[in-house]
Amino acid sequence: MPISPCPPIEDSDWPSSVADMREGFAGKLNVYRTMAHHPSLLRSWAPLRQHIVVDNALGPIRSEIVILRTGHRLGSSYEWAHHVSRARSLGLSDERIRAVAAMPEGEDGLIVQAVDALFDLRHIPAALERELADSIGREAIFDLIATVGFYITLGGILMTYETPIDDAIASELEANPI
């Protein structure tokens with residue numbers, strides 16, 4: 001297997017221009033340690049990450065459904081593994097998580113259909129958008145669309161640079177596979 005030209009950056013090689021970010025989110029995960037090869041992108045990414053990951057209108061559970069489906073559709077083992085762990089920590093059952101990779105029912109199913117529409121059609125059709133708006137609200141739809149785009153970008157970075165799943169997540173899933 002070829003060695004990645006951009007493996008996760010170790011603390012000793014962390015760029016000085018983003019030194020203040022190493023102790024926060026950026027230093028905690030391999031995805032952001034990989035992104036640190038482009039410090040100005042990492043710095044610019046932080047405010048959008050704050051909104052998408054923390055301050056979105058979807059809420060934590062719906063957000064995880066969106067991210068899991070996006071990771072599944074991308075074929076990103078990193079995103080899938082990390083968000084299986086996060087979904088479990090939020091109380092989602094393994095059955096519900098597995099259903100996201102298939103076609104769940106109810107609101108999860110609407111969310112999965114919207115993610116699939118963004119992949120397949122590049123937009124959410126009007127009838128599905130109306131049904132989603134009634135269920136989750138229009139701001140949440142905007143955040144769903146933004147979350148899919150955000151994680152497609154991260155997935156592209158992860159898969160291009162073969163970023164390894166973080167050790168703690170790999171160990172967790174090895175001990176308790178989905």
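Heads up: these notes are all about the structure in this document. (Residues numbered from 1 in each chain as written. Predicted model: local features only at pLDDT ≥ 70, side-chain atom pairs only at ≥ 80, totals over all residues. Heavy atoms only, no water.)

### A word on the layout of surface pockets
By volume, the largest pocket amounts to about 300 Å³. Lining the largest pocket are 16 residues, with Leu-29, His-82, His-83, Arg-86 and Tyr-151 sitting closest to its centre. If you list the elements that add at least two residues to the lining of the largest pocket, you get helix H1 (25-28), helix H2 (30-35), helix H3 (39-54), helix H5 (77-89) and helix H9 (138-160). Top element by residues in the lining of the largest pocket is H5. It accounts for six residues. Taken together, the residues of the lining of the largest pocket sort by class into nine nonpolar, three polar and four charged. (1 Å grid on protein atoms, 1.4 Å probe; cavity = no way out; pocket = protein on both sides within 12 Å on 5 of 7 lines; lining within 4 Å. Points joined across faces, edges and corners; volume = space filled by probe spheres on them. Helix = DSSP H or I, 4+ residues; strand = E, 2+ residues; numbered from the N terminus. Nonpolar A, V, L, I, M, F, W, Y, C, P; charged D, E, K, R; others polar.)

### Quick look at the side chain of Arg-49
Relative to the assigned elements, Arg-49 resides in helix H3. Although buried, Arg-49 forms no salt bridge, and the nearest oppositely charged side chain, Asp-55, lies 8.6 Å from it. (Buried < 20%, exposed > 50% of the residue type's maximum accessible area, 1.4 Å probe, protein only. Lys, Arg positive; Asp, Glu negative; His and termini not counted. Salt bridge = Lys/Arg side-chain N within 4 Å of Asp/Glu carboxyl O.)

### Brief notes about the nonpolar core
Core analysis: the biggest nonpolar cluster contains 29 residues, and Val-66, Leu-68, Ile-97, Ile-124, Leu-132, Leu-144 and Val-148 have the highest contact counts within it. At the level of secondary structure, the elements contributing two or more residues to this core comprise helix H4 (60-74), H5, helix H6 (94-100), helix H7 (106-120), helix H8 (126-136), H9 and helix H10 (167-175). Top contributing element to this core by residue count: H7, with seven residues. When sequence neighbours within four positions are dropped, the list of residues in contact with Ile-97 reads Leu-68, Trp-80, Val-84, Ala-87, Arg-88, Leu-92 and Ile-178. Counting residues in hydrophobic clusters, the runner-up holds 22 residues, among them Ala-26, Ala-36, Tyr-151 and Leu-158. (Core = buried A, V, L, I, M, F, W, Y, C linked by side-chain atoms within 4.5 Å. Contact = heavy atoms within 4.5 Å.)

### A few points about the side chain of Asn-56
Relative to the assigned elements, Asn-56 resides in the loop between H3 and H4. At a separation of 2.7 Å, a polar atom in the side chain of Asn-56 contacts the main-chain amide nitrogen of Leu-58. Within the structure, Asn-56 has its side chain in polar contact with the backbone nitrogen of Gly-59 (distance 2.9 Å). Among residues more than four places away in sequence, those in contact with Asn-56 are His-51, Ser-63 and Asp-143. (Polar contact = N/O pair within 3.5 Å; in protein donor to acceptor, adjacent residues only side chain to side chain.)

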